[in-house]
Amino acid sequence: MIVRKYFEYVLDSIHRGEQLHTSYLKLSHRNIALNFTSVELTNEILPLFEFLTLTEKPSAVELKIYVVDNSALKHKIKLPEIVDAVSIEDGRDVDLSKDHYQIIYYRHWNKLVLFDHKAKTGICIYNSIHEIAWWEKSAYLKEIFHIWSKELPAQLIHGGAVATDENNGYLLIGKGGSGKSTSCINLMLNGYNYLGDDYVWVEFGDDGKNKVVSLYQTAKLRTDNFLENFMHLDKYLINPDSFRQTKAILKPNDLLEKRWIRTANIQGILHPEITNGDTSSIEKNSSLNTFLSLAPNTIMQQTVNRKASHKKLSYLINTSKCYRWKLSTSVNTNIAVFTNFVEQ
């Protein structure tokens, strides 16, 4: 079965006798149609994009996304034949991309992602809503956003962002455990605007004036960090029964209503580092060190479009001021240092 025919087969299976539940989002200046095959999927995924949701249907959309619970479909979608032919033991993802179609089977997640670049249509098929991996619950559909961004002056970034206002935003980057989520949440709790702590969207300007855009209205923390420093936020847990075995995923709605901001101009990129010392400081960082802190965590999580992402990340870093933020053990000290930094 050729790739185009398979894509058509999947769309036909979705539309045959299914009641689609559609919502609309605005990401930056682009409208997105989210089509769910069940109310359960809608209730599971849509809240992550709550502040981006439009109250009325837009006159045009730039991206259509279908989200499918295959176990609940009347006409079950079969995997491409080549997926069954690849050894399960090797654990590899299967990329069947051809021409303007991309089809990727994520073996470990038992998830199929399809994208038609000409029609600007993405499809995410879960075998069952009950089998969705825990880590997706803070960043649903990120593979589709990655693929979509290939031909856009935009990129999904593995990092967080805060802002003083729409003119002054700051990216916080680094591998897991570097302190970016902790810093983003603490800054939000101390009066700064919040755009995300794990994945944010970046729009690139030809003049080097880049913008960060909020995508997910969630936060994710390591369990030990949450238990030690953020238990006062336990009412915001969306996984209270499982966070001790995974990570704590928060959706702090009433906090975000006061501190959430849709977009901000990027004034700098900060790489937090936990020092376990008593002092905190923010100093200039090299473009190379910044790239090494950002690129692997963004690019290696993608199955496709890595060259395009590499080029965009290089542009972002070369047009931004880069800093290293040494974190102390004192939250108040870190906040004071950051405040002094942005006010200079």
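Below you will find a few notes about this structure. Because the structure is a prediction, the values reported are computed rather than measured.

1. As for the overall build of the protein chain
- Across its full length, the protein chain holds 10 helices and 18 strands.
- Computed over the C-alpha atoms, the radius of gyration of the protein chain is 20 Å, within 12% of the 20 Å expected from 2.2 N^0.38 for a compact globule of 344 residues.
- The principal-axis extents of the C-alpha atoms in the protein chain amount to approximately 60 × 45 × 45 Å.
- Put simply, the protein chain has 344 residues, and 56% of those count as buried.
- For the protein chain, the proportion of contacts with a sequence separation of at least 24, taken over those separated by at least 6, is 71%.
- Roughly 15,800 Å² of accessible area belongs to the protein chain as shown, and the carbon and sulfur atoms make up 48% of that amount.
- Placing the 40 positive and 38 negative side-chain charges of the protein chain at their respective mean positions leaves the two points 4 Å apart.

2. Some remarks on the packing of aromatic side chains
- A complete count under the given rule lists 17 aromatic pairs for this structure.
- Here Tyr6 and Tyr9 contribute two aromatic rings whose centre-to-centre distance is 5.6 Å and whose plane-to-plane angle is 50°, an arrangement assigned as tilted. Of this pair, Tyr6 and Tyr9 both sit in helix α1 (residues 3-15), 3 residues apart, roughly one helical turn.
- Relative accessible area serves as the criterion here: at 2%, Tyr6 is assigned to the buried category.
- On the basis of an interplanar angle of 75° and a centroid distance of 5.3 Å, the ring pair of Phe226 and Phe243 is categorised as edge-to-face. One end of the pair, Phe226, is in helix α6 (residues 223-229); the other, Phe243, is in the loop between α6 and β15 (247-250), and 17 residues separate them in sequence.

3. Quick look at the pattern of salt bridges
- Counted by the stated rule, this structure contains 14 salt bridges.
- Here Lys111 ties to Glu143 by a salt bridge, and the two come within 3.0 Å at their closest N and O atoms. Here the residue Lys111 occupies a position in strand β6 (residues 111-116), and Glu143 occupies one in helix α4 (residues 142-148), the gap between them amounting to 32 residues.
- Its relative accessible area of 6% is what places Glu143 among the buried residues.
- Asp224 is the salt-bridge partner of Arg222, the closest N and O atoms lying 3.9 Å from each other.
- On the basis of relative accessibility, which here comes to 44%, the residue Arg222 falls in the partly exposed class.
- Overall, the relative accessible area of 46% leaves Asp224 in the partly exposed class.
- One salt-bridge network, held together by shared partners, links Lys111, Glu136, Lys142 and Glu143.

4. Here we look at the packing of helix α8 (residues 287-299) against helix α9 (residues 306-318)
- Closest axis-to-axis distance for the α8/α9 pair is 10 Å, and the angle between their directions is 145°. Of the two possible hands of crossing, α8 and α9 adopt the one that is right-handed. Taking contact as the criterion, the partners of Ser287, Thr290, Phe291, Leu294, Ala295, Thr298 and Ile299 in α8 are, on α9, Arg306, Ser309, His310, Leu313, Ser314, Leu316, Ile317 and Asn318.
- Here the residues of the contact of α8 with α9 are counted per class, giving 7 nonpolar, 7 polar and 1 charged.

What counts and how
Residues numbered from 1 in each chain as written. Predicted model: local features only at pLDDT ≥ 70, side-chain atom pairs only at ≥ 80, totals over all residues. Heavy atoms only, no water. Helix = DSSP H or I, 4+ residues; strand = E, 2+ residues; numbered from the N terminus. Rg over C-alpha atoms; globule rule 2.2 N^0.38 Å. Buried < 20%, exposed > 50% of the residue type's maximum accessible area, 1.4 Å probe, protein only. Contact = heavy atoms within 4.5 Å. Areas by Shrake-Rupley, 256 points an atom, 1.4 Å probe, with all protein chains shown as cover. Lys, Arg positive; Asp, Glu negative; His and termini not counted. Charge placed at Lys NZ, Arg CZ, Asp CG, Glu CD. Phe/Tyr/Trp six-rings, centres within 6.5 Å; stacked < 30°, edge-to-face > 60°. Salt bridge = Lys/Arg side-chain N within 4 Å of Asp/Glu carboxyl O. Axes fitted to C-alpha atoms, helices over the stretch in contact; angles between N-to-C directions. Left-handed = near helix turned anticlockwise from the far one by under 90°. Nonpolar A, V, L, I, M, F, W, Y, C, P; charged D, E, K, R; others polar.

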